[in-house]
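Structure assessment
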Amino acid sequence: MSRAESLAVRAPSPLWTFGLLRSELVTTFRRWRTLALLGVLAAVPVLVGVAVRIETRGGAPSGRGGEGGPAFIAQITNNGLFLVFTALAATLPFFLPMAVGVIAGDAIAGEANSGTLRYLLVAPAGRTRLLLTKYVTTIAFCLVATLVVAVSALAVGALLFPLGDLTTISGTQITFADGLGRALLIALVVAASLTGLAALGLFVSTVTNSGIAAMATTVGLLITVQILDQIPQLHAIQPYLFSHYWLSFADLMREPVYWDDLVKNLELQALYAAVFGSAAWARFSAKDITA
Amino acid sequence: MAPYESDDSTSAGEVDDLRSGRRKAARYVVPVAVVGVAAATIGLVPALANSGDPSLPKITAQQLIEKIAKSDVQELSGTVKVSTDLGLPNLGGLESGLLSGAAKGRDGSSADPASKLTELASGTHTLRVAADGQDRQKVSLIESAAEYSLIHNGKDVWGYDSKSNEVYHGTADESGRKQHRNEVPATPKDFAEQALKAADDTTSVTVDGTAQIAGRDAYRLVLKPKHASGTTVGVISIAVDARTGMPLKFTLTPAGGGAAVVDAGFTQVSFAKPAASTFDFTPPKGAKVTEEKDKADKRGERSHEMAPSQKDLGKSGAPKVIGKGWNSIAVIDSGAKGGIPSSSGKGDLSGFIGSLGDHVSGKFGKGTVFSTRLINALITDDGKVYVGAVTKDALVKAADAGR
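Residues numbered from 1 in each chain as written. Chains lettered and ligands numbered in written order. Predicted model: local features only at pLDDT ≥ 70, side-chain atom pairs only at ≥ 80, totals over all residues. Heavy atoms only, no water.

**Observations concerning the overall build of chain B**
Quick reminder of the rule: The helix count covers DSSP runs of H or I at least four residues long, the strand count covers runs of E at least two residues long, and both are numbered beginning at the N terminus. In this scheme, a residue with accessible area under 20% of its type's maximum is buried, one over 50% is exposed, and one in between is partly exposed, where area comes from a 1.4 Å probe on protein chains only. Only heavy atoms enter the contact rule, under which two residues are in contact if any of them lie within 4.5 Å. Areas reported here follow the Shrake-Rupley algorithm with a probe of radius 1.4 Å; residue values treat only the protein chains shown as occluding.
Tallying secondary structure elements over chain B gives 11 helices and 18 strands in all. Looking at the 403 residues of chain B, the share that counts as buried comes to 45%. Long-range pairs, those at least 24 residues apart, make up 56% of the contacts in chain B with a sequence separation of at least 6. Counting every atom, chain B has about 19400 Å² of accessible surface; 56% of that belongs to carbon and sulfur.

What follows is the structure in structure tokens.
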């Protein structure tokens with residue numbers, strides 16, 4: 001913070017934004033709450049990996065393993081890299097967005113709750129810049145959380161299962177290096193899938209002064225949307241729900257890649273980010289800061 | 001994203017309350033405008049994309065049919081969307097469970113083409129097709145986070161179900177090759193071939209303007225049964241690529257009106273040679289491989305008429321066709337007295353199936369009619385099955401005549 005403050009004596013310079021961002025990132029990632037969330041996320045692939053390992057230890061892989069469970073789970077025993085995809089498919093519906101909801105909901109309302117928002121605004125950062133910084137921090141958390149799941153899954157997969165060339169879901173073969181590249185791309189797409197929810201959470205966070213209320217509302221909205229997405233009678237509105245195309249990341253494992261749903265997903269996330277980002281700006285920049 | 005220049009409102013204390021209130025409200029114009037622009041884009045872009053039908057030189061129906069016949073597209077890749085709405089009773093997962101369960105019972109692999117194709121019988125599916133000459137074709141059924149691929153490369157035919165990691169392996173010899181292709185009536189071309197085969201002097205064939213399908217200019221060929229009394233088929237419309245003569249879209253509307261029963265069309269197509277690696281397949285490690293057993297006697301029953309072969313669970317002999325053109329009816333003697341239960345239920349399942357049909361009686365005796373929006377089937381109590389794209393009355397009449 002010290003370097004940033006010395007710069008801030010005069011008119012805010014572009015560097016000031018980075019100083020603010022750095023201090024935000026450090027504050028967010030040093031919280032016990034954040035570390036605990038990341039720990040839980042890292043534990044999911046361990047659980048899945050160990051469970052699959054124990055299940056298939058007795059000999060032949062369980063015959064019809066593919067009928068239930070998250071995507072790609074049938075292939076894990078043959079190639080540990082598939083644990084990355086399975087872990088992301090298992091955490092994306094709930095664990096990952098819940099963690100993002102907690103961080104996003106806490107972003108503004110948490111500061112207001114603990115009475116530090118006033119002091120943040122005393123520094124000549126400007127409200128828009130502070131909001132942007134908070135959003136970038138939340139997106140950074142999306143990326144870190146996704147990578148934690150992916151890296152943990154890769155480590156567990158390499159420890160418990162063989163690695164090597166893999167078969168795409170279209171039946172063609174790709175090399176292990178190519179597979180790793182796709183795993184990274186999938187992690188990026190999964191992180192991008194969460195940006196819409198991050199913007200929604202940030203907006204909720206500007207509406208209330210209670211951090212807990214903002215987190216609960218965001219996670220509540222997440223659950224509501226997930227339920228709405230399951231009701232067949234609502235198929236007309238489902239393409240506009242932010243979680244609708246989340247599992248499209250699996251399309252990156254097709255050969256050739258099937259882009260339609262992936263592009264729709266990214267467009268939808270951009271739309272949510274634009275709508276709720278500007279709504280958060282409209283709310284926050286005109287808000288009376290009392291705490 | 002939010003613009004920077006509005007930061008000054010932090011000093012809201014300087015302006016009077018009325019002005020600041022108005023400015024506060026004015027800020028919400030931004031998200032509302034974003035929603036508006038998005039809604040307009042979603043609404044307008046498809047409308048603009050379909051701007052007008054292309055103008056193509058006039059062509060007669062006869063010339064167009066010849067064009068389809070001459071069409072010799074060897075290399076292509078593309079995406080096909082197939083929607084089928086047969087109006088089967090909506091039983092949720094139970095129905096597909098029954099159907100695929102019945103098909104699976106034959107040789108117990110979810111990678112068997114027969115068990116997968118039953119899934120195409122209802123709902124909307126996305127397929128990817130690729131072909132490179134006679135010897136190499138691939139059809140993939142895109143599922144959520146999984147895919148079913150049927151790959152024909154040289155003398156091998158592979159089915160791969162990525163969800164269960166199961167592989168089905170068969171071989172294609174000279175005679176088998178064509179049948180294997182017929183097994184997958186999924187592309188508009190396959191549907192069009194079937195329809196044109198049925199089109200004889202009982203059909204009126206016309207060219208009805210042009211259309212743009214998957215970014216390509218196409219003629220629209222319309223087939224209508226001339227004697228619309230007996231058949232349930234209303235109109236068949238086929239969009240034919242103007243350059244290559246390949247059918248790009250096939251739509252079958254039932255005589256009863258409503259949504260199309262079958263609607264299969266390319267959403268994206270390319271006539272370039274697909275990458276050779278597309279057709280390479282080696283079973284992944286640990287995958288369960290099922291070899292095609294005694295294929296000779298399986299082929300016959302699998303290649304045509306999915307509907308009856310499901311209904312009689314594969315016990316049938318070869319079907320006999322009565323009638324002509326659109327009114328033709330396939331007759332299968334399942335040989336099983338009692339057939340599928342209209343009266344004598346064997347257990348819960350048979351009673352359940354019986355309850356789905358309508359009981360009819362006539363000179364032929366008693367039977368049960370199972371109807372969909374296109375295909376109707378009459379199963380008589382003495383084990384005969386009458387199937388066709390005809391009305392219930394026509395089926396009963398045929399059964400009476402066959403007596």
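**Regarding the overall build of chain A**
Selection rule: A radius of gyration in this sense is built from C-alpha atoms; the matching globule rule multiplies 2.2 Å by the number of residues raised to 0.38.
Within chain A, the regular secondary structure consists of 11 helices and 2 strands. Helices (α) and strands (β) of chain A occur, in sequence order from the N terminus, as α-α-α-α-α-α-α-β-β-α-α-α-α. Taking 291 residues into account, the globule formula puts the C-alpha radius of gyration at 19 Å, and chain A, at 21 Å, falls close to it. Taken along the three principal axes of its C-alpha coordinates, chain A extends 65 × 45 × 30 Å.

**A closer look at the interface of chain A and chain B**
What counts here: When two parts are put together, the accessible area they lose, computed with a 1.4 Å probe and summed over both, is reported as buried area. Only one rule defines a salt bridge in this text: a Lys or Arg side-chain nitrogen within 4 Å of an Asp or Glu carboxyl oxygen. A 3.5 Å cut-off defines polar contacts: any pair of N or O atoms within that distance qualifies, except that in protein one atom must be a possible hydrogen donor and the other a possible acceptor, and neighbouring residues in sequence count only when both atoms are side-chain atoms.
Opposite the 43 residues of chain A that make contact, chain B presents 44 residues. Roughly 3700 Å² is buried in total at the junction of chain A and chain B, and carbon and sulfur atoms are behind 56% of that figure. Inspection of the region where chain A meets chain B yields 1 salt bridge. For the pair chain A and chain B, the interface holds 11 residue pairs in polar contact (both at pLDDT 80 or more). For the side of chain A that touches chain B, the secondary-structure elements that each account for two or more residues are α7 (127-160) and α11 (259-285) of chain A. Considering each element in turn, the side of chain A that touches chain B owes the most residues, 11 residues, to α11 of chain A.

**What to know about helix α4 (residues 82-91) of chain A**
Residues and elements named next belong to chain A. Within α4, 9 of the 10 residues are buried, which leaves it mostly tucked inside the rest of the structure. Listed as buried for α4 are Phe82, Leu83, Val84, Phe85, Thr86, Ala87, Leu88, Ala89 and Thr91. Where the residues of α4 are buried, they touch α3 (32-56), α5 (95-113), α7, β1 (166-167) and α8 (176-193).

**Brief notes about the packing of aromatic side chains**
Residues and elements named next belong to chain B. What counts here: Stacked, edge-to-face and tilted are the three classes for Phe, Tyr and Trp ring pairs, Trp counted by its six-membered ring, which pair at centre distances within 6.5 Å; planes under 30 degrees apart are stacked, over 60 edge-to-face, the rest tilted.
Inspection of every chain in the model, using the stated rule, returns 10 aromatic pairs over all chains. Centre to centre, the rings of Trp158 and Phe281 are 5.2 Å apart; their planes meet at 50°, and the pair counts as tilted. You can see Trp158 sitting in strand β5 (residues 156-161) and its partner Phe281 sitting in the loop between β11 (262-270) and β12 (288-291), a full 123 residues away along the chain. Owing to a relative accessible area of 12%, Trp158 belongs among the buried residues under this scheme.

**As for the sheet that holds strand β14 (residues 329-333) of chain B**
Residue and element names in this part refer to chain B. Let me state the cut-off plainly: At least two bridges found by DSSP between two strands are what make those strands a pair. To obtain an axis, a line is fitted to C-alpha atoms, over the contacting stretch when the element is a helix, and the angle between two such axes runs from 0 to 180 degrees between their N-to-C directions.
If you walk across this open sheet you meet the 6 strands as β13-β14-β18-β17-β16-β15, and the pairing is antiparallel. If you trace the sheet from one side to the other, it starts and ends with β13 (320-322) and β15 (358-362), each paired once. On average, each strand axis in the sheet is inclined to that of its neighbour by 25°, with strand direction left out of account. Sheet analysis places strand β17 (residues 376-380) next to strand β18 (residues 384-388), joined by 4 bridges and oriented antiparallel. When the bridges of β18 are listed, Leu378 appears paired with Tyr386.

**A few points about the confidence of the model for chain A**
Residues and elements named next belong to chain A. Worth spelling out the cut-off: By definition, pLDDT measures how confident the predictor is in each residue, and it falls between 0 and 100.
Model confidence for chain A is summarised by a mean pLDDT of 87, while 91% of its residues fall at 70 or above. Least confident of the elements in chain A is helix α1 (residues 2-7), whose mean pLDDT is 48; most confident is helix α9 (residues 195-207), at 95. Every residue in residues 4-9 scores below 50 in pLDDT, and together they form 5 contacts with partners more than four places removed in sequence or on other chains. Segment residues 60-67 is flagged for pLDDT under 50; beyond a separation of four residues in sequence, or across chains, it makes 14 contacts in the model.

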